[in-house]
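# Commentary on secondary and tertiary structure
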Amino acid sequence: MNKQKYLITSALPYINGLPHLGHMVGCLLPSDVYARFMRMQGADVLYICGTDEHGTASEVAALKAGVPVQQYCDEFHEKHKKTYADFNLSFDYLGRTSTEQNKEITYRISSKLMENGYIEEKTIKQIFSVDDNQFLADRYITGTCPYCGYDKARGDQCENCTKVLDPTDLINARSTISGSTNLEVRETKHLFLKLTALQSELKKWLETKEFTWPEVAYSIAQKWLNEGLQPRCITRDLKWGFPVNKPGFENKVFYVWFDAPIGYIGITKQWSDEKPTERNWEDWWLKPDDVHYVEFMGKDNVPYHTITFPATLMGTGENWKLVDYLKGMSYLTFNGGKFSKSEQIGIFCDQAIEEFPADYWRYWLMANAPESSDSSFTFEGFANTINKDLNDVLGNFINRVLKMTTSNFGQQVPDGGVAGDDEEALYTRLDELVGDYTSYMKEMEFRKALGSLREIWVEGNNYIARNEPWKVVKVDKDRAAVILRTAINMIRLFAILSAPIMPDTSKKMLQLLNLPTDNLLWVGASMSEFLTLLEIGHAFNTPELLFSKITPERVEELSIRYKEKKENE
RNA sequence: CGCGGGGUGGAGCAGUCUGGUAGCUCGUCAGGCUCAUAACCUGAAGGUCACGUGGUUCAAAUCCCGUCCCCGCAACCA
């Protein structure tokens with residue numbers, strides 16, 4: 001029997017600067033947790049991510065940094081890679097959208113769309129900056145708002161009075177890139193994807209997702225359909241991107257949002273090309289019935305993944321794999337406001353990892369994931385959760401059990417006695433809780449899943465408190481052996497259940513118990529079997545503290561330090 | 001009347017689709033325990049579920065209507 005194939009993708013982080021905790025919780029981390037969980041379930045998982053590199057934003061960033069855009073992307077790709085490794089993200093492949101592979105797939109898809117009549121040409125008017133020698137996107141034009149007088153209004157919208165603007169409305173319009181006011185309106189020809197022609201097919205497909213997708217994902221998609229789709233421009237007057245493969249358009253490139261989602265496929269091909277004899281990207285993308293495809297993204301990405309990308313694939317007439325389940329996440333806010341890459345507000349992933357171990361962040365972010373609505377980050381809340389859940393409940397349980405065992409029975413799984421009624425009750429309760437936790441993980445209900453995980457830990461402390469082994473050991477050593485033996489087995493249980501969320505901590509726990517740490521499998525057996533697996537006399541190591549508390553002083557210091565904007569990169 | 005999401009004890013959230021005595025975690029207070037990282041366990045206080053003392057109903061946090069507030073998006077920003 002072949003294992004079920006699971007294709008898992010995280011929205012591709014934009015290359016410009018490093019991601020912040022909002023990006024981490026919005027797509028990168030939940031996709032990693034799910035990928036790890038599914039691997040432990042025995043599924044054949046392919047987990048794909050990469051950097052999204054094309055477009056004006058990276059051109060501008062490179063210009064500011066004073067390096068060629070290719071070099072800028074090369075450097076930042078490596079920085080992204082390091083950060084994700086620091087967070088223990090277990091991508092099977094972290095690729096890029098600017099590769100030959102992605103170009104090949106992009107051309108294949110765009111050619112098909114042209115052949116099938118889903119592409120049309122239109123001439124539009126756009127602002128051209130003479131000094132920059134390029135067309136400017138509306139948001140790269142700054143000027144004074146004609147309505148409120150705000151002098152930094154953007155060509156698409158005034159951030160001060162929120163009025164939607166046309167760049168020609170601006171007074172003293174200038175290029176955001178160079179500051180030049182030498183702007184003129186020019187005509188330019190572009191390609192548009194005829195979404196209108198694909199509307200009914202899209203609608204039919206989306207309707208099948210109504211009761212399975214998260215509210216935030218389905219409602220956003222539905223909103224776009226209900227408003228009626230319009231042709232969407234898929235080319236740009238830029239240099240950095242894939243040149244359009246159509247005569248007369250050689251000086252233009254595909255729009256970043258056209259080739260970015262195609263990047264999932266291009267990156268899969270990058271992965272496949274590294275070991276062509278063992279891997280075949282087509283098995284994952286062109287055999288829809290063999291694969292279950294799950295996408296993770298923040299809500300801002302939803303329209304592109306529910307409307308434009310599926311429409312793009314449908315329009316080819318080929319049998320591309322479309323997303324089966326879309327996990328759309330809301331936003332994490334920072335002290336009530338929003339994280340901002342452009343404003344450098346919030347905590348960025350490279351900073352986060354310098355402050356605390358990855359598992360602290362991973363646990364907190366998943367326990368507070370913005371699933372049904374936005375959720376907010378504060379250092380106070382962060383410290384509360386880490387101190388209570390990880391340090392006091394989980395960490396202390398492991399420490400008290402191993403120390404008590406060591407002082408009474410030596411550093412090994414104690415011998416003596418047999419499980420009794422209280423153990424039976426524990427098995428029953430844990431079977432139930434582990435079942436809940438597993439279901440929530442399968443359903444990607446992460447907050448609820450972590451609630452169950454925490455309950456499981458608490459159940460460990462409960463069992464100890466109820467049975468008072470420190471008293472029992474003085475009168476009935478066999479009984480104490482049973483209690484502690486069961487508790488040590490629970491540490492193994494906790495390690496396995498925590499592995500998708502906190503891989504480092506899980507590994508440490510298993511190492512404490514002298515158990516293998518690779519290729520872990522999920523709990524299959526019932527607790528009556530699972531909690532009696534460790535052999536009598538199996539040696540464990542001297543316990544070390546897995547977590548340490550975050551002091552109020554530290555919280556205050558961090559709150560002050562991160563209130564200010566980040567100085568530079 | 002642009003669109004979507006949200007407004008539930010001090011904080012963070014679940015419950016709303018499928019009406020039926022308001023639930024979880026943290027915090028607070030009290031008690032227990034003393035093996036363990038002053039950790040663990042138990043119990044209690046605290047909410048008329050944004051507002052209209054609106055409509056439907058035997059019954060509304062839940063359905064309907066109206067208003068206010070917060071967050072995000074608004075198709076040339078990733």
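So, here is what we can say about the structure in this document.

Rules of the game
- Residues numbered from 1 in each chain as written.
- Chains lettered and ligands numbered in written order.
- Predicted model: local features only at pLDDT ≥ 70, side-chain atom pairs only at ≥ 80, totals over all residues.
- Heavy atoms only, no water.
- Helix = DSSP H or I, 4+ residues; strand = E, 2+ residues; numbered from the N terminus.
- Rg over C-alpha atoms; globule rule 2.2 N^0.38 Å.
- Buried < 20%, exposed > 50% of the residue type's maximum accessible area, 1.4 Å probe, protein only.
- Areas by Shrake-Rupley, 256 points an atom, 1.4 Å probe, with all protein chains shown as cover.
- Lys, Arg positive; Asp, Glu negative; His and termini not counted.
- Charge placed at Lys NZ, Arg CZ, Asp CG, Glu CD.
- Polar contact = N/O pair within 3.5 Å; in protein donor to acceptor, adjacent residues only side chain to side chain.
- Contact = heavy atoms within 4.5 Å.
- Near = heavy atom within 4 Å.
- Nonpolar A, V, L, I, M, F, W, Y, C, P; charged D, E, K, R; others polar.

## Notes on the overall build of chain A
Counting its secondary structure elements, chain A contains 19 helices and 17 strands. Taking 2.2 N^0.38 as the reference for a compact globule, 569 residues should give roughly 25 Å; the C-alpha atoms of chain A span a radius of gyration of 27 Å, in line with that estimate. A buried classification covers 56% of the 569 residues belonging to chain A. Working note: accessible area of chain A is about 24,500 Å², and carbon and sulfur atoms make up 46% of it. Taken as two groups, the 64 positive and 80 negative side-chain charges of chain A have centres that lie 1 Å from each other.

## Regarding the side chain of Arg 485
Following the sequence through the fold, Arg 485 ends up in helix α16 (residues 477–498). At 3.3 Å, the side chain of Arg 485 forms a polar contact with the backbone oxygen of Gly 417. With sequence-adjacent residues up to four places away left out, Arg 485 is seen in contact with Val 413, Pro 414, Asp 415, Gly 416, Gly 417 and Ile 536.

## Section: the protein's contact with RNA strand B
Taken together, the neighbourhood of RNA strand B is formed by 51 residues, with Arg 139, Trp 257, Ser 372, Arg 400 and Lys 403 sitting nearest. One of the side-chain nitrogen or oxygen atoms of Lys 388 is found 2.9 Å away from a phosphate oxygen of RNA strand B. Interatomic distance of 2.3 Å between a side-chain N/O atom of Lys 403 and a phosphate oxygen of RNA strand B. Counting residues per element, the surface near RNA strand B draws most heavily on helix α12 (residues 379–409), which supplies 10 residues. A class-by-class count of the residues in the surface near RNA strand B yields 14 nonpolar, 16 polar and 21 charged.

## Some words on helix α11 (residues 358–367)
Counting buried positions along α11 yields 10 of 10 residues, so the element is predominantly enclosed. For α11, the complete set of buried residues consists of Ala 358, Asp 359, Tyr 360, Trp 361, Arg 362, Tyr 363, Trp 364, Leu 365, Met 366 and Ala 367.

Nothing here speaks to function; it is all geometry.
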